[in-house]
Amino acid sequence: MDYSQFLAMKQEIALLIVFLLVFLYDTFMPKGSQKTLPWFTVIMMAAVTVAGFFPWGQQSITAFAGMYETTPIIVAIKNILNVGMIIVLIQSIKWANSTDMIMRRGEFYELILVTLFGMYLMISARHFLLFVIGLECASLPLAAMVALDKNRYESHEAAVKYILTAVFSSAIFMMGLSFVYALSGSLYFQDIYFALTNKLSVMLVVALAFVISGVGFKLSIVPFHLWTADVYQGAPTSVTSYLSVISKGATAFAFLVILTQVFGSFYSKAWEWMLYALIILTITIGNLFAIRQRNMKRFLAFSSISQAGYIMLGVIAFNAMGLAAMMYYILVYIFSNLAAFGVIGAIENATGKVSMDDYKGLYKTNPRLSVAMMLAMFSLAGIPPFAGFFSKFFIFTGAINQGSVAIYVLVLIALINTIISLYYYLLVVKAMFISEDECVIPNFKSAFSERLGLWITVAGILFLGIVSCFYSSLLNLSEEAPQMLMYFVG
């Protein structure tokens, strides 16, 4: 075996080095220095992220007999996930240093790094064996993270629901893979594509449905979303924010790769129509159930389900513009959703309150937090000139660029749902700024780490809405990525 192939995994190796350094720091540093472990992790992840943007790491390389692939577009999506990871780590510092988490602080940072490593493997996998390894590496530690808050019954319940869902979704996914292997005789993406070209059968449609179902659980697509609200509510807020953005973003990109590079030849015959139905259900049901929620974490859970439907428009677009729009949407969604969770986390850490009713009149006592939450809601709703408006605009444009009548109908339904989403996002703004009720949340000063996280997210919401070079760069990468587009059949 040529061990030099491991050098192709620059980002994975860098992440493993961070994991080892964090583990050694947590194990051997004196007790008095343990409180700086979160900042040490943030600095290490920031160094890895900065290194990822240098040109030396952006080359197209295939390793391990084609099982692993890295390209500039893959490096870009990993860097986007890294940015979100840094924000989550910053926002989690006060919670990680709390009295209840002192003994489990190191485990949290080690587990979260392992899950990111698994997501890296999912994104770069070009063989289903490596993909499954990455999938389980990302899923199992998340179950432990959901259960980290041992003093809350809801955390235990959420962990049980998550692990059971992960087990069943993995079983369904593996069943689909067994059908695919029986039909093609291979687990390589490219080999499966050519073996199945123009061989549509009932067994293949069933296999495709199983694969979409298995990944759909991870992505919280309707009807595979039932675990989401309970897990988001029961898990610690820092874990919930990680689940809602980093996990969703990595799974969405991996989903795109599987559908295009494995089942791309059956786009118009099979999975296009499956995704039409799933996208409509996901956006609509996510919006309708979000209106009914009073718990802020459950509210954002159904919001994230709806957002998953919008992200899938980039997949259904099946072109370079759709790929670029999906990546840009994930980037904007990271800043917008983490801004909302940053406010929720700061209020929960200070007062323990997570109900929307408790936010009534919040502007009177905590105006800065109210403004940050307002900007997050405006961006998630797609109100101009904030970043969320442009992310929705680009993802709709990428989808319409496909040109079919069905896609026009799909985008029209998505636009109608955007109007519905305006209502429930503005409910939060109304409660904070317009409600005349006396605020039950007193004025408090949030920790420096919480303020830093909000500054970064708010800057991202404003900056990405003004500067368009980010989308242009992603579009150029998508158009110059033949390995991503070679199986596209228009």
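Scroll up to find the structure this text is about.
Here's what I pulled together on the structure shown here. These figures come from a predicted structure and were not determined experimentally.

## Considering the packing of aromatic side chains
If you walk through the whole model with that rule in mind, you get 26 aromatic pairs. Ring centres 6.5 Å apart and planes at 20 degrees place the aromatic pair Phe 389 and Phe 393 in the stacked group. Of this pair, Phe 389 and Phe 393 both sit in helix α17 (residues 387-400), separated by four residues, roughly a single helical turn. With a relative accessible area of 30%, Phe 389 lands in the partly exposed category. Stacked on the ring of Tyr 120, the Lys or Arg Lys 78 has its end atom at 5.2 Å from the ring centre. Over the ring of Tyr 310 we find Lys 392, and its NZ or CZ is 4.8 Å from the ring centre.

## Brief notes about the packing of helix α9 (residues 202-219) against helix α11 (residues 237-261)
The interhelical angle for the contact between α9 and α11, taken along N-to-C directions, is 165 degrees, at an axis separation of 9 Å. Taken as axis vectors, α9 and α11 run roughly antiparallel relative to one another. The two elements α9 and α11 meet at a crossing, and its hand is left-handed. Judged by residue contacts, Leu 208, Val 211, Ile 212, Val 215, Lys 218 and Leu 219 of α9 engage Lys 248, Thr 251, Ala 252, Phe 255, Ile 258 and Leu 259 from α11. Grouping the amino acids of the contact of α9 with α11 by side-chain chemistry returns nine nonpolar, one polar and two charged.

## Re unusual backbone geometry
Residue Pro 223 is reached from Val 222 by a cis peptide bond, and omega for that bond is 10 degrees. Relative to the helices and strands, Pro 223 is located in the loop between α9 and α10 (228-234). With an omega of 5 degrees, the peptide bond between Pro 384 and Pro 385 qualifies as cis. Structurally, the position occupied by Pro 385 is in the loop between α16 (367-381) and α17. Positive phi, close to 55 degrees, is recorded for Phe 64, a residue that is not glycine. Along the chain, the position of Phe 64 falls in the loop between β1 (61-63) and β2 (68-70). Its identity is not glycine, yet Ala 65 carries a phi of approximately 60 degrees, on the positive side. Given the relative accessible area of 62%, Ala 65 is considered exposed.

## Observations concerning helix α8 (residues 189-196)
Residues of α8 that are buried: Phe 189, Ile 192, Tyr 193, Ala 195 and Leu 196. Packed against the buried residues of α8 are α6 (128-146), α7 (153-184), α9 and α11. The positive-phi residue at the C-terminal boundary of α8 is Asn 198, with phi of around 60 degrees.

## Quick word on the environment of Phe 444
Note on placement: Phe 444 falls in the loop between α18 (405-433) and α19 (448-466). In this structure, the C-alpha to C-alpha distance between Phe 444 and Tyr 408, residues 36 residues apart in sequence, is 48 Å. Beyond its immediate sequence surroundings of up to four residues, Phe 444 is in contact with Ala 346, Ile 347, Ala 350, Asn 366 and Leu 369.

So, how was this worked out
- Residues numbered from 1 in each chain as written.
- Predicted model: local features only at pLDDT ≥ 70, side-chain atom pairs only at ≥ 80, totals over all residues.
- Heavy atoms only, no water.
- Phe/Tyr/Trp six-rings, centres within 6.5 Å; stacked < 30°, edge-to-face > 60°.
- Helix = DSSP H or I, 4+ residues; strand = E, 2+ residues; numbered from the N terminus.
- Buried < 20%, exposed > 50% of the residue type's maximum accessible area, 1.4 Å probe, protein only.
- Lys NZ or Arg CZ within 6 Å of the ring centre and 35° of its normal.
- Axes fitted to C-alpha atoms, helices over the stretch in contact; angles between N-to-C directions.
- Parallel < 35°, antiparallel > 145°, perpendicular 65-115°, else oblique.
- Left-handed = near helix turned anticlockwise from the far one by under 90°.
- Contact = heavy atoms within 4.5 Å.
- Nonpolar A, V, L, I, M, F, W, Y, C, P; charged D, E, K, R; others polar.

No statement about biological role is implied by the geometric values presented.
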